[in-house]
Amino acid sequence: MKNPIITLAALAITGLFFIQLSLKGQNYYIPLNDQKAYEAGTRSKDGNPGPNYWQNSADYKIDVELDTKEDKIIGKASITYFNNSPDTLHRIVLRLYQNLFKKGNARQFPMTSEVLTDGEEITKFVAGGEEYDLSEGSRWEITNKNIRLKKAIPPGISETFEMEWNFYIPVKRALRMGKYDDGHYFIAYWYPQIAVYDDVDGWDMVEYLGMVEFYNDFNNFDVNITVPGDYLVRATGELQNADDILTDDVLKFFNTAKTSDEIISIYDYQESEKTKLTKKAKSHTWHYVATNIPDVTFLATNQSNWDGTGVVVDSTSMHRVFAEAVYPDSIVNWDRGAEITAASVRYMSFELPGVAFPYPHMTSFCAGSSGGGMESPMMANNGAPKRFESFAGLLFHEISHTYFPFYMGTNERKWAFMDEGWASYLPEGFLPEYNPETKYMQRGVRSYLYAAGQDYELPLIVPTYQHNNYSSARTSAYTRPAVAYSMLRMTLGDDLFKKALLEYMSRWNGKHPVPYDFFYTFEDVTGEGLSWFFKPWFFDFGYPDLAIMEVTGNRVAISKNGVLPVPVEIHWFADDDSGGKITVNASVWKDGDHVTVVELPEGKVFKKIVLGSDLIPDSNKDDNIWKW
Ligand SMILES: [Zn+2]
């Protein structure tokens, strides 16, 4: 028989040990595919990339022609793909994004018939010198094309793929890219792209059906874009041959703008009768080079203004980024497009996240549509909101995607909260520069509460591709995570929040972090178990709801009726017309308590107590007021 006292002691020690473990990161549900990555040492449970971390990459050499008569893209590419994985690759997955618009294909986004096309046609595909016939495909394939290789690619070896393709550009109300009015094109999702092969899932087989956006490797691009002679092309990367294309006047303004603190009008469309943008030619080929970047897009326009300025993004090196706006003449707010682009780049470099803008230029483009925007590295395709604050917020939002998901390489197909959530949260500190009365985050909290706790609202950890409903996708990608990041910042305080965020960004810049890498890094940097916060906000169903339960003398009992932990903010009003505010950190809920008591000043006769604020979400405000 065992000594009962020792057994009890052992139980107590085991219990203690369990509590210790549970403080850091042991409380999360981790799907088996993610667990496998931690076991293989490609990721570490302290939030760092593991000693065995790897990712694949490719060099893309592309020649593309934009045919503005036919509204057609005709391309030719040579892609050298590096297999850095420990696996032999017997197939590759080619993403043919334009099949989203193909007549008859399944989609998650409703589209009008005028937008639909014949999809993406591959006219030639060569792997390792051998030509393939890709005309046969599985009926399950929509935008992902599985190609079984005749010669497998062993670990550590590269293979070169040659291909030719074409597609008709979706027109008018296309999603994220297309032809807008005459003379205004934004070309994205446009070249056959090798899907990501990673340590969690192997090949990424998520279809691009309209709801999900980016998950790309970090690649090198050398792109020649041929357009009619009078078109301007701005693209991801550095322009290599401005001297050959731009007229002397425009070239002079272009070069001046890059180092100017002022906004320079590089080209004014109203002057187009007098001043020409480009040297006279039937066509020009614009040559762009970009390295270690997840994607390349380009704009092409012969009817736009072009403004630019040089923004210092590092006060030691005085390195400058070229911030520019390309927009139709006389469209509302856009005469300030370059200014807002520059201010956004400056804010992100010095304030939040506080990382020097990582690209040589940032181009905000407007094609004249009124809707939202779409990001890509160095290039944003925006609408034209009429309210100035919405306009500034939109430009900032799209530019902030530079950090998430481009600097960070997060998987937006699975966890949009890792990029859209940040892009929705970051404008909070920027917009007051233009409107000190801005209610940006208050509006964010309100729009989150509209969905919080409704049956369509799913936990953030549910993969984005599982959402098939606009409200549930939107809440999960934008509003709930933005509020969660705001609550996290209130909980940790500005300094610790920023320190942890910068450490997460430094560890995972140019890599592919999953949500656990984010949670573990925050726990590692803060030295605290944060599962009491992350688990309810990111893994659980539920909504925030605090209530005033009881007031006895100067003691206010607050009950946590909802799942989500939020700070307690109490506004008190006394008979002598005095009043005040007491804030208690959300960590008061970390041990799982459902009631906390807040003490108000002594010696007062209270007449009203109000719980909460418009920055703290609360799904039921009826129980937030106590009156006598
Ligand atoms: Zn966004």
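In this text, all values refer to a predicted model and were calculated from it rather than measured experimentally.

(A) Inspection of the sheet that holds strand β10 (residues 193–194) at higher detail. Strand order in the open sheet formed by 3 strands is β6-β3-β10, and the pairing between neighbours is antiparallel. The open sheet has two free edges, formed respectively by β6 (144–153) and β10, since each of these has just one partner strand. Pairing geometry for strand β3 (residues 89–95) and β10, over 2 bridges, is antiparallel. Within β10, the residue paired with Arg 95 across the bridge is Gln 193.

(B) Examining helix α12 (residues 494–508) more closely. The terminal C-alpha atoms of α12, which comprises 15 residues, lie 21 Å apart, in line with the 21 Å expected from a rise of 1.5 Å per residue. Buried within α12 are the following residues: Phe 497, Ala 500, Leu 501, Tyr 504, Arg 507 and Trp 508. The arc enclosing the buried residues of α12, seen along the axis, measures out at 130 degrees, which places them on a common side. Facing away from the buried side of α12, by more than 90 degrees, are the exposed residues Asp 494, Asp 495 and Ser 506. Contact partners of the buried residues in α12: α11 (470–492) and α13 (515–526). Just downstream of α12, Gly 510 is the residue with a positive phi angle, here 75 degrees.

(C) How the structure looks around α13. Taking 1.5 Å per residue, 12 residues should reach 16 Å; α13 reaches 17 Å between its end C-alpha atoms and fits that length. The element α13 is largely enclosed, with a buried count of 11 among its 12 residues. All buried positions along α13 are accounted for by Pro 515, Tyr 516, Asp 517, Phe 518, Phe 519, Tyr 520, Thr 521, Phe 522, Glu 523, Asp 524 and Val 525. Buried residues belonging to α13 abut α2 (32–39), α12 and α14 (531–539). Looking one or two places after α13, you find Gly 527, whose phi comes out positive at around 70 degrees.

(D) Main features of the packing of α11 against α14. Remark: α11 packs on α14, axes separated minimally by 11 Å, with the N-to-C direction vectors making an angle of 170 degrees. Between α11 and α14, the interaxial angle falls into the category roughly antiparallel. In this structure, α11 contributes Ala 484, Met 487, Leu 488 and Thr 491 to the contact, and α14 contributes Phe 533, Trp 537 and Phe 538. Looking at the contact of α11 with α14 residue by residue, the classes come out as 6 nonpolar, 1 polar and no charged.

(E) Inspection of the sheet that holds strand β8 (residues 178–179) at higher detail. Strand order in this open sheet of 4 strands is β8-β9-β18-β14, and the pairing throughout is antiparallel. Where the open sheet ends on each side, the last strands, each with one partner, are β8 and β14 (232–235). In this sheet, strand β9 (residues 184–187) lies alongside β8 in antiparallel orientation, the contact comprising 2 bridges. Bridge pairing in β9 places Gly 178 opposite Phe 186.

(F) Expanded view of the domain arrangement of the protein. Parsing the protein into structural domains produces domain 1 (25–52 + 408–542), domain 2 (55–198), domain 3 (229–285 + 298–405) and domain 4 (546–627). Between the C-alpha centres of domain 3 and domain 4 the distance comes to 48 Å.

(G) Spatial organisation of unusual backbone geometry. With an omega of 5 degrees, the peptide bond between Leu 352 and Pro 353 qualifies as cis. Tracing the backbone shows Pro 353 in the loop between α5 (337–350) and β21 (361–366). Between Phe 404 and the following residue, Pro 405, the backbone shows a cis peptide bond with an omega angle of 15 degrees. Within the fold, Pro 405 resides in helix α7 (residues 402–407). The backbone of Asp 71 sits at a positive phi, close to 50 degrees, despite the residue not being glycine. As for its placement among the helices and strands, Asp 71 is situated in the loop between β1 (57–67) and β2 (72–82).

Definitions and cut-offs
- Residues numbered from 1 in each chain as written.
- Predicted model: local features only at pLDDT ≥ 70, side-chain atom pairs only at ≥ 80, totals over all residues.
- Pairing = 2+ DSSP bridges.
- Helix = DSSP H or I, 4+ residues; strand = E, 2+ residues; numbered from the N terminus.
- Expected span 1.5 Å × (residues − 1).
- Buried ≥ 20, exposed ≤ 12 C-beta atoms within 10 Å, placed from the backbone.
- Arc of directions from axis to C-beta.
- Contact = placed C-beta atoms within 7 Å.
- Axes fitted to C-alpha atoms, helices over the stretch in contact; angles between N-to-C directions.
- Parallel < 35°, antiparallel > 145°, perpendicular 65-115°, else oblique.
- Nonpolar A, V, L, I, M, F, W, Y, C, P; charged D, E, K, R; others polar.
- Domains from an automatic or database assignment.

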